[in-house]
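# Remarks on the overall topology
In case you want the letters, here they are:
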Amino acid sequence: MTILNGKQIAAEIRSELKAQIATLLNQGKRAPKLGIVIVGHNPASETYVANKIKACAEVGIEAVKIAYEDTISEQELLAEVHKLNSDTSMDGFIVQLPLPKHIDEQTITSAIDYQKDVDGLTPENVGRAAKGLPCIVSATPRGIRELLSRYDITTDGKHIVVIGRSNIVGKPMATLLMQKHERGNATVTLCHSHTAHLKQICLSADIIIVAVGHPGLLTADMVSEGATIIDVGITRVEDPSTERGYRLAGDVDYEQVAPKCAYITPVPGGVGPMTIVSLLQNTLQAYSLNSTL
Ligand code: NAD
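Residues numbered from 1 in each chain as written. Predicted model: local features only at pLDDT ≥ 70, side-chain atom pairs only at ≥ 80, totals over all residues. Heavy atoms only, no water.

With that settled, consider the environment of Ile 229. Tracing the sequence through the fold places Ile 229 in strand E8 (residues 228-231). The class for Ile 229 is buried, based on a relative accessible area of 0%. In this structure, the C-alpha to C-alpha distance between Ile 229 and Val 212, residues 17 residues apart in sequence, is 14 Å. Apart from residues no more than four positions distant in its own chain, Ile 229 is found in contact with Ile 208, Leu 218, Val 223, Val 252, Val 257, Cys 261, Tyr 263, Ile 264 and Thr 265. (Helix = DSSP H or I, 4+ residues; strand = E, 2+ residues; numbered from the N terminus. Buried < 20%, exposed > 50% of the residue type's maximum accessible area, 1.4 Å probe, protein only. Contact = heavy atoms within 4.5 Å.)

This paragraph deals with the site of the ligand. If you check the shell around the ligand, you find 20 residues, and the closest are Arg 165, Ser 166, Val 232, Ile 234 and Thr 275. Within the backbone of Val 232, an N or O atom sits 3.2 Å from a nitrogen atom of the ligand. Contact between the ligand and Thr 275: an oxygen atom at 2.7 Å from a side-chain N or O atom of the residue. Coverage of the ligand by the protein amounts to 73% of the 860 Å² it exposes when considered alone. With respect to the pocket detection grid, the ligand is positioned in the largest pocket. By residue number, the principal contributor to the shell around the ligand is helix H10 (residues 271-289), which donates three residues. (Near = heavy atom within 4 Å. Polar contact = N/O pair within 3.5 Å; in protein donor to acceptor, adjacent residues only side chain to side chain. Areas by Shrake-Rupley, 256 points an atom, 1.4 Å probe, with all protein chains shown as cover. 1 Å grid on protein atoms, 1.4 Å probe; cavity = no way out; pocket = protein on both sides within 12 Å on 5 of 7 lines; lining within 4 Å. Sits in = over half its atoms within 2 Å of the grid points.)

Moving on, we get to empty space enclosed by the protein. The final tally for this structure, using the stated rule, is one cavity of 30 Å³ or more. Every residue lining the largest cavity is listed: Val 95, Thr 109, Ile 112, Asp 117, Asp 119 and Leu 121. Looking at side-chain class alone, the lining of the largest cavity contains three nonpolar, one polar and two charged residues. (Points joined across faces, edges and corners; volume = space filled by probe spheres on them. Nonpolar A, V, L, I, M, F, W, Y, C, P; charged D, E, K, R; others polar.)

The next thing to look at is helix H7 (residues 170-178). Counted residue by residue, H7 has seven buried out of nine residues, so it is predominantly covered. Every buried residue belonging to H7 is among Gly 170, Pro 172, Met 173, Ala 174, Thr 175, Leu 176 and Leu 177, and all of these are buried. Considering only its buried residues, H7 is in contact with helix H5 (123-131), helix H6 (139-150), strand E5 (159-163), strand E6 (187-191) and strand E7 (207-210).

As a further point, take the environment of Ile 103. Within the fold, Ile 103 resides in the loop between strand E4 (92-95) and helix H4 (105-110). Sequence separation between Ile 103 and Tyr 263 is 160 residues; the distance between their C-alpha atoms is 40 Å. Those residues within four positions of Ile 103 in sequence are excluded, and the remaining contacts are Ile 72, Ser 73, Glu 74, Leu 77 and Ile 108.

In this section: helix H3 (residues 74-86). The terminal C-alpha atoms of H3 lie 19 Å apart, and with 13 residues this matches the ideal 18 Å at 1.5 Å per residue to within 8%. Listed as buried for H3 are Leu 77, Leu 78, Glu 80, Val 81, Leu 84 and Asn 85. Taken down its axis, H3 places every buried residue within 155° of arc, on the same side. Summarising the geometry of H3, the exposed residues directed more than 90 degrees from the buried face are Gln 75, Lys 83 and Ser 86. Where the residues of H3 are buried, they touch strand E2 (33-39), strand E3 (62-68), E4 and H4. (Expected span 1.5 Å × (residues − 1). Arc of directions from axis to C-beta.)

Here we come to the layout of surface pockets. Rolled over the atoms, a probe sized like a water molecule indicates the empty space that remains. What the largest pocket holds in volume is close to 1600 Å³. Considering the residues around the largest pocket, the lining is formed by 50 residues, among which Tyr 48, Ile 234, Gly 272, Thr 275 and Ile 276 are closest to the centre. Among the elements of the structure, helix H1 (6-26), helix H2 (43-59), E4, H6, strand E9 (235-238), strand E10 (246-249) and H10 are those that each provide at least two residues to the lining of the largest pocket. Ranked by the residues each element gives to the lining of the largest pocket, the list is headed by H2, at nine residues. Residues belonging to the lining of the largest pocket are distributed by class as follows: 25 nonpolar, 15 polar and 10 charged. Put simply, the second largest pocket is a space of about 270 Å³. Taken together, the elements giving at least two residues each to the lining of the second largest pocket come down to H4 and H5. Top element by residues in the lining of the second largest pocket is H4. It accounts for four residues.

Put into C-alpha cells, the structure is as follows:
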C-alpha cells in the first residue's frame, strides 16, 4: 500500500510555480494577482482563506483579501463581482463559499467572468469542461487529477466511482474523468445520497473518490483488494485531547481500508494541499488568459 502524499506533491508544485513566476518577473512582467472575497466570519472559511493567502505569498502571487460583513446584500456582492470582472489588474478571483443564506451562491458564482473564474464554477467553465474544451477546472478535481498523474496511476478503462455530486467536487470530477484525454477515459459511476446498492457499486471500482463529509462512510467491506482510494472529506470532529479541541476526519475508515488498497490518500495531507496548489495553478492560467499583460 502506498500513501499518496499530497502535502509533498503540493510542495513540489509550489516550487515549480515559484520558479515560473520568478522567470516572468525577470522578463519584466508583473506578478499574477488573485482576489479572495470572503463574507462573514465562518471559522473554517477564515482558515481556508488564510491558507490560500499564505500559499500565494510562497510562490509570488499577489493575493488581495476583500472582506465583507454578513450583512452585505446580494446586490452589493454582485456589484463587487462586476467590479472585479472589469478590473484588468486582477487576473482571477474567488468568492469563498459558503455564503450567508440570504445570498444565492449560484447567482454570485455565475456572474464571475469565466476567464477569471479560478474556482471553475461558472456555467461557461462547467459547460466547456463537459464538452472537453479548454477551461479552468475546479481546484479539487484538478488537484486529484494531478495527484494521480504524479503517482502514474492510470485511469484509462478503469471503473471509477465518485461518491458525492457537489458542484465543486463530485460533478466536475466525474466530468473530467470521462473525457477523452490523459487521466480520463474512465468508466465513471457518480453516486449520491439517493444511490441504491452503494456497497456493491464500490466493490466493482478500481478507484473510489469520496466527497461526502460523513466521517467513516467508506468502510473496508465496500472496497476490493488493490483499489485506489481518494478521500476528499474534511470534517471537524470534536477531540478534547487536541490543543484545538477538534481533529480533521476524512470520509474513509482509514485504519480498516488502507491495508486493502494499492494507493490511498490520508486526511489531512492528501487532497487538501492539492486543492490549494491547484488554485495557484488556476491563477497562473487566468494570468495567461488576461489580455492586458
Ligand atoms: P456537499 O457537502 O455539497 O455534498 C455532499 C454530497 O454527498 C452530496 O452530493 C450528497 O448527495 C452526497 N451524500 C450525502 N450522504 C451520502 C451517502 N450516505 N451516500 C452517498 N452520498 C452521500 O459536498 P462537497 O462540498 O463536495 O463536500 C464534501 C466533503 O468534502 C466535505 O467534507 C468537504 O469539507 C470536503 N471538501 C474537501 C476539499 C479538499 O480540498 N479536501 C474540497 C472541497 C470539499
